[in-house]
Amino acid sequence: MTAPKTIRFQQIDIPAPDPGEVQINIKRIGVCGSDIHVYHGLHPYTSYPIVQGHETAGEVTALGEGVTDFKPGDKVTPEPQVFCGKCWPCTHGLYNICNELKVIGFQTNGTACDYYTYPADCLVKLPDEMSYDEGAMIEPLSVAVRAVKKAGDIKGKEVLVMGAGPIGNLVAQTAKGLGAASVMAADINGFRLEKAVECGIDYTVNPSREKLDEKIIAAFGAEKKADVIFECTGVQPGLEAAITNARKGTDIVVVAVYGKAPTVDMALVNEAELRLIGTARYNIDDFRTAIGLVNDGKVKLAPLVTDTFDFADYNAAYEKIDKSPETTMKVMIRVND
Ligand SMILES: [Zn+2]
Ligand SMILES: [Zn+2]
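Predicted model, so just to flag it, every value in this text is computed and none were measured.

Coordination of the zinc ion (ligand 2) by the protein comes from Cys84 (SG), Cys87 (SG), Cys90 (SG) and Cys98 (SG), over a distance range of 2.3 to 2.4 Å. Note that the zinc ion (ligand 2) binds 4 donor atoms; their angles at the metal cover 103 to 120 degrees, and the shape is tetrahedral. Read from N- to C-terminus, the donor residues coordinating the zinc ion (ligand 2) fall into the pattern C-x2-C-x2-C-x7-C. In this pair, the class of Cys87 matches that of Cys90, namely buried.

This part covers the packing of aromatic side chains. According to the stated counting rule, one finds 8 aromatic pairs in the structure shown. A ring pair is formed by Tyr116 and Tyr118, whose centres lie 5.8 Å apart and whose planes are at 25 degrees; its orientation type is stacked. As far as the burial class goes, Tyr116 and Tyr118 line up, both buried. An aromatic cluster of three or more residues is present, and its members are Phe9, Tyr39, Phe311, Tyr314 and Tyr318.

What follows deals with the coordination of the zinc ion (ligand 1). Ligation of the zinc ion (ligand 1) by protein atoms is provided by Cys32 (SG), His54 (NE2) and Glu55 (OE), these donors lying 2.1 to 2.4 Å from the ion. Taken in chain order, the donor set of the zinc ion (ligand 1) reads C-x21-H-E. The two residues His54 and Glu55 agree in class, both being buried.

The assigned domain composition of the protein is domain 1 (21-137 + 301-334) and domain 2 (143-278). The C-alpha-based centres of domain 1 and domain 2 are spaced at 27 Å. Carbon and sulfur atoms make up 67% of the area that domain 1 and domain 2 hide from each other, which totals about 990 Å². Of all residues in domain 1, Pro303, Leu304 and Met329 give up the largest surface area on contact with domain 2, accounting jointly for 52% of the area buried on that side. If you look at where domain 1 meets domain 2, you find 2 residue pairs in polar contact (both at pLDDT 80 or more). Of the residues that constitute the side of domain 1 that touches domain 2, the class distribution is 6 nonpolar, 4 polar and 2 charged.

Attention shifts here to the nonpolar core. Residues Ile138, Leu141, Ile154, Val171, Phe230 and Ile333 are the most contacted members of the largest nonpolar core, which totals 87 residues. Counting contributing residues, this core receives three or more from each of domain 1 (21-137 + 301-334) and domain 2 (143-278).

Before going further, it helps to spend a moment on unusual backbone geometry. With an omega dihedral of -5 degrees, the bond running from Tyr48 to Pro49 counts as a cis peptide bond. Along the polypeptide, Pro49 turns up in the loop between α1 (33-39) and β2 (55-63). Here the phi dihedral of Lys5 falls at roughly 60 degrees; this positive angle occurs in a residue that is not glycine. Its place among the elements puts Lys5 in the segment before β1 (21-31).

Parameters and conventions
Residues numbered from 1 in each chain as written. Chains lettered and ligands numbered in written order. Predicted model: local features only at pLDDT ≥ 70, side-chain atom pairs only at ≥ 80, totals over all residues. Heavy atoms only, no water. Donors = N, O, S within 2.8 Å, 3.2 Å for Na, K, Ca; no water. Tetrahedral: all angles 85-135°; square planar, octahedral: opposite > 155°, others 65-115°. Buried < 20%, exposed > 50% of the residue type's maximum accessible area, 1.4 Å probe, protein only. Phe/Tyr/Trp six-rings, centres within 6.5 Å; stacked < 30°, edge-to-face > 60°. Domains from an automatic or database assignment. Buried area = accessible area lost by both parts, 1.4 Å probe. Polar contact = N/O pair within 3.5 Å; in protein donor to acceptor, adjacent residues only side chain to side chain. Nonpolar A, V, L, I, M, F, W, Y, C, P; charged D, E, K, R; others polar. Core = buried A, V, L, I, M, F, W, Y, C linked by side-chain atoms within 4.5 Å. Helix = DSSP H or I, 4+ residues; strand = E, 2+ residues; numbered from the N terminus.

What follows is the structure, encoded as structure tokens:
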């Protein structure tokens, strides 16, 4: 992408893997909300030109010197964060919030090419029976895995997820997959709620037509309400609804990325002893948990894919998302078969 809404294709030499690197034939790339911000020129931390692509699955085609953990033919997905390893977060197990963090496809070139080379250390092997579509969704699923882990032990908890887009859907499925008692997904988009039902979410609510507070009480009880709330809408009304519908002493995990900084009633957070917990991206363990959840059949990824475009039609993928966001969940780019 050389400028907002401008994609240029370029013929380059196939890159050879350096020592410690793996060469990957890219198969699928998932398009996510952050990519769309780049497309619109609205991503605060991306400059042009940039090769996009950070939700990726591919096949190992060559190994650099010293690489022993992979072999040609392996299915893999890159953990797309490049970090310094020296700053306070990096030296305290939080490299996902490294002071110098670069995410491929945003601050350094991503995977939108036929062949890509990547450090073996940051590559995760996918099971042979996993599809490349599923493989490309391990990255967004890892966002959900970290978010649910941030809530502590989710076993037996009643969970409310605000927002049922791809991330909200995956958070809801992950909460259930990791042992939540029951999960409710809230969204003003009926199509997304249908997808949540298809993925086995227990309750859905459309706050534009139904009363959220009544649905919460009907599902979880007037005293108990939700034990944990995940905010996945990224808009002020979503966060506001989470705070105003929380039982006292509830944890609210803030998963969404906010385009516009929301303003909320901190007096409620204070008086009800709500805990707002931030979560950003994932680490490589979250990738492994994500793969396990899919492998064990606890998270379904296939229902999320609403569209697939060939590599040459990258632009059309964005145009479709712009034209009909209400019927779009995950859009896949088929780079190679
Ligand atoms: Zn993404
Ligand atoms: Zn760092």
